[in-house]
Amino acid sequence: GGERWRATVGGDMASMAQFSPDGSRIYVSVVEMGPGGGIGQGPRRQGEAAGAGFMTSSTIVAFDRSGNQVWTYDVGGE
């Protein structure tokens, strides 16, 4: 149960963590919010599908088992 690694990503919020089928990578969605932007109060619904509006300014970031950033992919912007 101890922490194995930690990573810092840019953006306002990283969420929706998913592991690759073989467990070698973890993928997170990183959201950059504009002025006055926000998701609102309440749970972040980790692991659930997000609405299209949530994904419009996101980047997907992949990390390996050691916490090293492997790649990023911009999935949209305003």
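Here the structure is a predicted model, which means the values were calculated and not measured.

A.B. asks: Please set out the nonpolar core residue by residue, giving values where relevant.
C.D. replies: Soluble globular proteins: nonpolar side chains tend toward being buried together. Ranked by size, the top nonpolar core spans five residues in total: Ile 26, Val 28, Val 30, Val 61 and Phe 63. When contributions to this core are tallied by element, the ones reaching two or more residues are strand 2 (25-31) and strand 3 (58-64). If one sorts the elements of this core by residue count, strand 2 sits on top with three residues. Setting aside its immediate chain neighbours within four residues, Val 28 contacts Ala 14, Ser 15, Met 16, Ala 17, Thr 59, Ile 60, Val 61 and Phe 63.

A.B. asks: Provide a residue-level description of the pattern of salt bridges, including the pertinent values.
C.D. replies: This model, assessed by the stated rule, comprises one salt bridge. Residues Glu 3 and Arg 6 are paired through a salt bridge, measuring 2.9 Å at the closest nitrogen-oxygen approach.

A.B. asks: Explain unusual backbone geometry to me, and be specific about the residues and the numbers.
C.D. replies: The phi dihedral of Met 16 is positive, around 55°, even though this residue is not glycine. Here Met 16 is to be found in strand 1 (residues 13-19). Relative accessible area serves as the criterion here: at 18%, Met 16 is assigned to the buried category.

A.B. asks: Which residues make up a nonpolar patch on the surface, and what values do they have?
C.D. replies: Taken together, the side chains of Val 70, Trp 71, Tyr 73 and Val 75 present a nonpolar region at the surface, about 350 Å² in accessible area. Residue placement: Tyr 73 occurs in strand 4 (residues 69-74).

A.B. asks: Explain the sheet that holds strand 1 to me, using residue names and the numbers behind them.
C.D. replies: Strand order in the open sheet made by the four strands is 1-2-3-4, with antiparallel pairing throughout. Pairing within the sheet leaves two strands with one partner each, and these edge strands are strand 1 and strand 4. Across the sheet, the mean angle from the axis of one strand to that of its neighbour is 20°, orientation sign disregarded.

A.B. asks: Break down the packing of aromatic side chains for me, citing the residues and quoting the values.
C.D. replies: For the coordinates displayed, the defined rule picks out one aromatic pair. Centre to centre, the rings of Tyr 27 and Trp 71 are 5.8 Å apart; their planes meet at 35°, and the pair counts as tilted. Note that Tyr 27 is positioned in strand 2 and Trp 71 in strand 4, a separation of 44 residues in sequence. Among the residues examined, Tyr 27 registers a relative accessible area of 24% and is labelled partly exposed. Relative accessible area serves as the criterion here: at 34%, Trp 71 is assigned to the partly exposed category.

A.B. asks: Please give an account of the environment of Gly 67 that cites residues and values.
C.D. replies: Position of Gly 67 relative to the elements: it lies in the loop between strand 3 and strand 4. Since its relative accessible area comes to 14%, Gly 67 is described here as buried. Gly 67 sits 41 residues away from Ile 26 along the chain, and the two C-alpha atoms are 8.8 Å apart. When residues no more than four places from it in sequence are discounted, the contact partners of Gly 67 are Trp 5 and Ala 7.

What counts, and at which threshold
Residues numbered from 1 in each chain as written. Predicted model: local features only at pLDDT ≥ 70, side-chain atom pairs only at ≥ 80, totals over all residues. Heavy atoms only, no water. Core = buried A, V, L, I, M, F, W, Y, C linked by side-chain atoms within 4.5 Å. Buried < 20%, exposed > 50% of the residue type's maximum accessible area, 1.4 Å probe, protein only. Helix = DSSP H or I, 4+ residues; strand = E, 2+ residues; numbered from the N terminus. Contact = heavy atoms within 4.5 Å. Salt bridge = Lys/Arg side-chain N within 4 Å of Asp/Glu carboxyl O. Patch = residues over 30% accessible without salt bridge, like charges linked within 9 Å, V, L, I, M, F, W, Y side chains within 5 Å. Areas by Shrake-Rupley, 256 points an atom, 1.4 Å probe, with all protein chains shown as cover. Pairing = 2+ DSSP bridges. Axes fitted to C-alpha atoms, helices over the stretch in contact; angles between N-to-C directions. Phe/Tyr/Trp six-rings, centres within 6.5 Å; stacked < 30°, edge-to-face > 60°.

None of the figures reported here should be taken as evidence of function without further support.
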